[in-house]
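# What the coordinates show
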Amino acid sequence: MPLRRQFEPVLGQRAAKAGDARAGAVVVALERRDELHRQAAYAVDVVDTTGAGDVFHGAYALAIGAGLDVRAAMAFSAATAAMKCRHAGGRNGIPDINECLVFMRTKP
């Protein structure tokens with residue numbers, strides 16, 4: 001199955017909610033061609049933020065490479081980084097794609 005198809009069922013829903021002010025603190029903002037994209041953080045019990053930025057950037061590169069738009073890529077990246085933060089250490093807790101998509105389906 002093409003990678004983009006794995007993302008579509010969840011990211012179509014999440015991307016529409018990315019600008020929702022009720023979603024929480026902004027984790028990232030990106031200005032591109034006079035557009036400002038903001039992504040709310042996912043609420044998790046944080047254990048360690050070591051590596052969260054690297055995880056975010058890696059997930060963002062994967063999502064953009066898979067053909068997702070900026071908003072969907074930011075939502076996926078924020079979820080991936082949030083999941084990593086639930087575990088100690090820079091590499092522990094990095095989710096695979098399916099774990100991240102399940103997480104996104106269950107978190108507002």
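Residues numbered from 1 in each chain as written. Predicted model: local features only at pLDDT ≥ 70, side-chain atom pairs only at ≥ 80, totals over all residues. Heavy atoms only, no water.

Time to look at the overall build of the protein. Along the protein, the regular secondary structure elements total 4 helices and 2 strands. Listing the helices and strands of the protein from first to last along the sequence gives α-β-β-α-α-α. For the protein, the proportion of its 108 residues judged to be buried stands at 35%. Entry remark: accessible area of the protein is about 6,300 Å², with carbon and sulfur atoms responsible for 52%. (Helix = DSSP H or I, 4+ residues; strand = E, 2+ residues; numbered from the N terminus. Buried < 20%, exposed > 50% of the residue type's maximum accessible area, 1.4 Å probe, protein only. Areas by Shrake-Rupley, 256 points an atom, 1.4 Å probe, with all protein chains shown as cover.)

Side chains that are nonpolar tend, in soluble globular proteins, to be buried together. Counting residues in each nonpolar core, the largest one holds 19 residues, and the members touching the most others are Y42, F76, A79, C100, F103 and M104. Contributing elements (two or more residues each) for this core: α2 (52–65), α3 (70–84) and α4 (97–106). Considering each element in turn, this core owes the most residues, 9 residues, to α3. (Core = buried A, V, L, I, M, F, W, Y, C linked by side-chain atoms within 4.5 Å.)

This next bit is on the packing of α2 against α3. Viewed as axis vectors pointing N to C, α2 and α3 meet at an angle of 145 degrees, and their least axial separation amounts to 8 Å. Considering how the two elements wind past one another, α2 and α3 form a crossing that is right-handed. Here α2 contributes A52, V55, F56, A59, Y60, L62, A63 and I64 to the contact with α3, which in turn contributes V70, A73, M74, F76, S77, A78, T80, A81 and K84. Each residue belonging to the contact of α2 with α3 can be placed in one class, and the counts come to 14 nonpolar, 2 polar and 1 charged. (Axes fitted to C-alpha atoms, helices over the stretch in contact; angles between N-to-C directions. Left-handed = near helix turned anticlockwise from the far one by under 90°. Contact = heavy atoms within 4.5 Å. Nonpolar A, V, L, I, M, F, W, Y, C, P; charged D, E, K, R; others polar.)

On to α2, then. Here α2 contains 14 residues, and its C-alpha end-to-end distance of 20 Å stays within 8% of the 20 Å for a straight helix at 1.5 Å per residue. Among all positions of α2, only A52, V55, F56, A59 and A63 are buried. The arc that holds the buried residues of α2, viewed along the axis, is 100 degrees, so those residues lie on one side. In α2, the exposed positions angled more than 90 degrees off the buried face are occupied by D54, H57, A61 and G65. Looking one or two residues past α2, G67 carries a phi angle of roughly 95 degrees, positive in sign. (Expected span 1.5 Å × (residues − 1). Arc of directions from axis to C-beta.)

Once that is clear, we can look at the packing of aromatic side chains. The final tally for this structure, using the stated rule, is 2 aromatic pairs. Summarising the aromatic geometry, the rings of Y42 and F103 are spaced 5.4 Å apart at their centres and angled 50 degrees between planes, so their arrangement reads as tilted. Here the residue Y42 occupies a position in the loop between β2 (35–40) and α2, and F103 occupies one in helix α4, the gap between them amounting to 61 residues. Their ring planes at 10 degrees and their centres at 6.4 Å tell us that F56 and Y60 sit as a pair that is stacked. Here the residue F56 and the residue Y60 both occupy positions in helix α2, the gap between them amounting to 4 residues, near one helical turn. (Phe/Tyr/Trp six-rings, centres within 6.5 Å; stacked < 30°, edge-to-face > 60°.)

Turning next to the environment of V55. Mapped onto the elements, V55 comes out in helix α2. Counting along the chain gives 30 residues from V55 to C85, while the straight-line C-alpha distance between them is 9.8 Å.

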